[in-house]
Amino acid sequence: MNKKPSFFESAACHVVLVIAVAFALYPVLWVVALAFSGTQTPSPRVIPVPEAPTLAHLSAVVGASRKIDGAEVWLFGRQLANSLVVSLSTALVGVLIAIPTAYALARFRFAGKESGVRALLATQMFPAVASAIPLYMILNQLGLLNSRTGLVVCYASTSVPFSIFQLRAAFEAIPVDLEEAAMVDGATRFSAFVRVVLPAARPAIAVTALFAFMGAYNEFILAATLLDKEEMFTLPVMLQRFIGEYDAQWEKFAAGALVVSLPVMALFYVAQRHLVAGLTAGGVKG
């Protein structure tokens, strides 16, 4: 029988949790204070509060426009579209390639299986910046510089190995008996995979796609290397442009950071019911 915690134990636990949340949110409060402050940077204080609150910085970031080929273009809207299209495409491509590969690694025995797994693991040991120059040269030869397609190809090549490892563990955690029972009832291997395995692995697939999306959405180094046209920038590259060598527009940077985080917050809110189940998928086998 579990002993009910005392009032003091419960109070102490809540105090610790409140302190931990305060430490986590404190930098965010400073970003909010910077974003909504006037031209003057808020003076140091315990509780960050915007000074002369204004929406000018948010308006300047979101409403940015440029003349491109004689036409007025909503620059922030184009950059937001670039980030969303590239990130969603990366997640889609990565998951579509990883699902059959991970299933094959989890269920079948074939020559070169372990060598292939080790090779995939080795690709995760190299930092993305090490491949920036070779990727630049390859995309230049293919005519894919300053394009969403080029970024998707680069990002998918790094998200696929991670997605395979994530989904392989999820498929291994699904009992083989479920598939065998479906095949005894007349289902083919493919039908059992579609109707039994995929629904059971749905939380893990959702979380894998979310991580692939986040990796592409937040990536900066390759995007800054492969893109030099402002209308093709993704949002992390756009944010970096507010911090120059001789000048730093911290208020606009903070305002942009808040706006850039909104799609991610919305995505986490929509996918939150899959997170716990997906993150623990593959933790227990059987």
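Residues numbered from 1 in each chain as written. Predicted model: local features only at pLDDT ≥ 70, side-chain atom pairs only at ≥ 80, totals over all residues. Heavy atoms only, no water.

1. Let's talk about the UniProt feature "transmembrane region" (unreviewed entry) in the protein chain
Here is the rule we go by: UniProt positions are given in the numbering used here, feature names are shortened, and annotations may be inferred rather than shown by experiment. A run of DSSP states H or I qualifies as a helix once it reaches four residues; a run of E qualifies as a strand once it reaches two. Both are numbered from the N-terminal end.
The UniProt record marks residues 12-36, 84-105, 117-138, 192-217 and 253-271 with the feature "transmembrane region" (unreviewed entry), using the residue numbering of this structure. As annotated, residues 12-36 comprises 100% helix and 0% strand, and the C-alpha atoms at either end are separated by 35 Å.

2. Quick word on the packing of helix H4 (residues 113-123) against helix H6 (residues 148-173)
Note the following rule: Convention adopted: a line fitted to C-alpha atoms gives each axis, helices being fitted over their contacting stretch, and angles between N-to-C directions are expressed from 0 to 180 degrees. Roughly parallel refers to an angle under 35 degrees, roughly antiparallel to one over 145, roughly perpendicular to one between 65 and 115, and oblique to any angle outside these ranges. Here a crossing is called left-handed whenever its near helix is offset anticlockwise from the far helix by less than a right angle, and right-handed whenever the offset is clockwise. Any two residues whose heavy atoms approach within 4.5 Å are treated as being in contact. For this classification, the nonpolar set comprises Ala, Val, Leu, Ile, Met, Phe, Trp, Tyr, Cys and Pro, the charged set comprises Asp, Glu, Lys and Arg, and every other residue, Gly included, is treated as polar.
At a closest axis distance of 9 Å, the pairing of H4 and H6 adopts a crossing angle of 125°. Judged on the interaxial angle alone, H6 and H4 are oblique. Both H4 and H6 take part in a crossing whose hand is left-handed. Here Lys113, Val117, Leu120, Leu121 and Thr123 of H4 come into contact with H6, specifically with Pro161, Ile164, Phe165 and Arg168. By residue class, the composition of the contact of H4 with H6 is 6 nonpolar, 1 polar and 2 charged.

3. Regarding the pattern of salt bridges
Here is the rule we go by: Salt bridges, as used here, are contacts in which a Lys or Arg side-chain nitrogen is within 4 Å of a carboxyl oxygen on Asp or Glu. Think of it in three bands: with a 1.4 Å probe and only protein chains considered, a residue is buried below 20% of the maximum accessible area for its type, exposed above 50%, and partly exposed in between.
In total, this model carries 4 salt bridges according to the counting rule given. The salt bridge partner of arginine 107 is glutamate 179, with a shortest N-O separation of 2.5 Å. Pair noted here: arginine 107 is in helix H3 (residues 75-107) and glutamate 179 is in helix H7 (residues 176-184), with a separation of 72 residues, a long-range link. Exposure class is identical for arginine 107 and glutamate 179. Each is buried. A salt bridge links glutamate 179 to arginine 189, with the shortest nitrogen-to-oxygen separation between them at 3.4 Å. Highlighted residues: glutamate 179 in helix H7 and arginine 189 in helix H8 (residues 189-200), separated in sequence by 10 residues. Sharing partners across several salt bridges, the network here consists of Arg107, Glu179 and Arg189.

4. With respect to the packing of aromatic side chains
Note the threshold: Here the aromatic set is Phe, Tyr and Trp, taking the six-membered ring for Trp, and pairing holds for ring centres within 6.5 Å; pairs whose planes are under 30 degrees apart are stacked, those over 60 apart are edge-to-face, and all others are tilted.
A full pass over the atoms with the stated rule returns 8 aromatic pairs. Ring centres 4.5 Å apart and planes at 50° place the aromatic pair tyrosine 103 and phenylalanine 193 in the tilted group. Of this pair, tyrosine 103 sits in helix H3 while phenylalanine 193 is found in helix H8, placing the two residues 90 residues apart along the sequence. Residue tyrosine 103 shares its accessibility class with phenylalanine 193, and that shared class is buried. With centroids separated by 6.0 Å and ring planes inclined at 75°, the aromatic side chains of tryptophan 250 and phenylalanine 253 adopt a geometry described as edge-to-face. Of this pair, tryptophan 250 and phenylalanine 253 both sit in helix H12 (residues 250-280), separated by 3 residues, roughly a single helical turn. Assessed through its relative accessible area of 43%, tryptophan 250 is described here as partly exposed. Three or more aromatic residues joined by ring pairs form one cluster here, namely Tyr103, Phe108, Phe171 and Phe193.

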